[in-house]
Amino acid sequence: MTETTTTKPSFAPALLSGIVGAVLGGALVLVAAPKLVGERIVRSALTDHPELLMEGGEALRSQQFAQSLAPIRASLEKPYFSSWKGSAQPKVVMTYFYDYACGYCRQSNPDIERLLKENSDLRVVYREWPILSQASEYAARVSLEASKAGRFAQYHDALYAAGQLTPENIAAAAKAAGVAPMPTADPGVDAEIRGNYAMAQQLGATGTPLFVIGNQVHNAAIGYDGLKKAVEEARKRS
């Protein structure tokens, strides 16, 4: 479930190689096993516990993502001024690319807020990725102005509480945050939005929402349970 764009994914080959690697790995075990513990034992184990192959595939995917994320990790997790919520000294960082006009992002918002309340060691870094409309970019630019003023959370929460993304609601959210409702030309804001586009492309994103949690990349609204699981797994690896 994502709001889609035409961005071409770059992680697909890595994911495919991970899945193929898991399958080949299982096959190699079957070939080599007679010399170790016996073919029958291995076949029985894989038949009775097919989740072993799935777990192997997940481990390989995580490893592939870790290698791809490493060069951009610092940029991903460094917030633009006050565009973050949660822990000042986090054990887990969730980087969240979103569009204020995205319905799936709206659905994800209460899940994120719930996780922040339940996990004192979690930080969410919000990355503006306005891809759906002119209103999206307008809202994102006001958001980044609010972020510079240290008022991101006030604007963000007020805009979601206002309902549909309209010029009137953007202006009301800006007023609630104490910032100008009309964004001004700002090279820093321009650079932030360009940088977010570039990182999303590097991640192979096809739309919003996009979550990066530890070594996992989820380009869909995966719900509270999916996000919670990803946070817990990232904490184990931290």
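1. What about the sheet that holds strand E7 (residues 216–218)?
In sheet architecture, strand pairing relies on hydrogen bonds along the backbone and comes in two forms, parallel and antiparallel. Taken together, the 5 strands give an open sheet; going across it, the order is E2-E4-E3-E6-E7, and neighbouring strands pair in mixed fashion. Each edge of the sheet is formed by a strand with only one pairing partner; in this case those strands are strand E2 (84–86) and E7. Averaged over all adjacent pairs, the angle separating strand axes in this sheet is 15°, with direction ignored. Inspection of the sheet shows E2 paired to strand E4 (residues 122–128) by 3 bridges, in the antiparallel sense.

2. With respect to the packing of aromatic side chains
The full count for this structure, using the stated rule, is 11 aromatic pairs. Between tyrosine 96 and phenylalanine 211, the ring centres sit 5.0 Å apart and the planes meet at 5°, which makes this aromatic pair stacked. Within this pair, whereas tyrosine 96 is found in strand E3 (residues 92–98), its partner phenylalanine 211 is found in strand E6 (residues 210–213), the two being separated by 115 residues in sequence. Seen from their ring centres, tyrosine 98 and tyrosine 100 are 5.0 Å apart, and the 85° between their planes marks the pair as edge-to-face. Summarising the burial analysis for this pair, tyrosine 98 and tyrosine 100 share the class buried. Among the aromatic side chains, those forming a connected cluster through ring pairs are Tyr96, Tyr98, Tyr100, Tyr126, Phe152, Tyr155, Tyr160 and Phe211. A cation over an aromatic ring shows up here: arginine 114 above the ring of tyrosine 224, its NZ or CZ 3.6 Å from the ring centre. For arginine 123, the ring lying beneath its charged end belongs to tryptophan 84, and the centroid distance is 4.3 Å.

3. Considerations on the layout of surface pockets
Computed from the structure, the second largest pocket encloses a volume of approximately 150 Å³. Lining the second largest pocket we find Arg73, Glu77, Lys91, Val92, Val93, Gly214, Asn215, Ala234, Arg237 and Ser238. Every element with two or more residues in the lining of the second largest pocket is listed here: helix H4 (73–77), E3 and helix H10 (223–237). For the lining of the second largest pocket, the per-class residue count stands at 3 nonpolar, 3 polar and 4 charged.

4. Things to note about the packing of helix H6 (residues 134–148) against helix H7 (residues 152–162)
Axis separation between H6 and H7 bottoms out at 7 Å; the angle between their running directions is 145°. In this structure, H6 uses Ala139, Val142, Ser143, Ala146 and Ser147 to contact H7, whose residues at the interface are Phe152, Tyr155 and Leu159.

5. Things to note about the environment of arginine 114
With respect to the helices and strands, the residue arginine 114 is situated in helix H5 (residues 103–118). Distance from arginine 114 to tyrosine 224, taken between C-alpha atoms, is 8.1 Å for residues 110 residues apart in sequence.

6. A short note on the pairing of E4
Of all 7 residues making up E4, 7 are buried, and the element is well covered by its neighbours. Note: E3 against E4, 7 bridges, orientation parallel. In the sheet register, tyrosine 98 faces E4, and the bridge partner there is glutamate 128. The parallel pair E3 and E4 is bridged by H5, and the resulting crossover is right-handed.

What counts, and at which threshold
- Every chain's residues receive numbers from 1 upward, in the order its sequence appears when written.
- Thresholds applied to this predicted model are a pLDDT of at least 70 for local features of residues and 80 or more for the giving and counting of side-chain atom pairs; totals over whole chains, interfaces and linings are not thresholded and use all residues.
- Processing note: side-chain calculations cover all non-hydrogen atoms of the structure and skip hydrogens and water entirely.
- Two strands pair if DSSP finds at least two bridges between them.
- Numbering of helices and strands runs from the N terminus; a helix is a DSSP stretch of H or I covering at least four residues, while a strand is a stretch of E covering at least two.
- Lines are fitted to the C-alpha atoms to define the axes, a helix being fitted only along its stretch in contact, and any angle between axes, read from their N-to-C directions, falls within 0 to 180 degrees.
- Note on aromatic pairs: the rings of Phe, Tyr and Trp (six-membered ring only in Trp) are paired at centre separations within 6.5 Å, and the planes decide the class, stacked below 30 degrees, edge-to-face beyond 60, tilted for the rest.
- Here the term buried applies to any residue with accessible area under 20% of the maximum for its type, exposed to any over 50%, and partly exposed to those in between, with areas from a 1.4 Å probe on protein chains only.
- Put simply, a charge is over a ring when the Lys NZ or the Arg CZ is close to the ring centre, within 6 Å, and near the line of the ring normal, within 35 degrees.
- Grid spacing is 1 Å over the protein atoms alone, the probe is 1.4 Å, and a cavity is where that probe fits but cannot get out, while a pocket is an open set with protein on both sides within 12 Å along at least five of seven lines and lining residues have an atom within 4 Å of a point.
- Grid points are joined across faces, edges and corners, and a volume is the space filled by probe spheres set on the points.
- Under the convention adopted here, Pro, Cys and the residues Ala, Val, Leu, Ile, Met, Phe, Trp and Tyr are nonpolar, Asp, Glu, Lys and Arg are charged, and Gly plus all remaining residues are polar.
- Any two residues having at least one pair of non-hydrogen atoms within 4.5 Å are treated as being in contact.
- A crossover gets the label right-handed when its path from the first strand over the helix to the second runs clockwise, viewed with the strands pointing away from the viewer.

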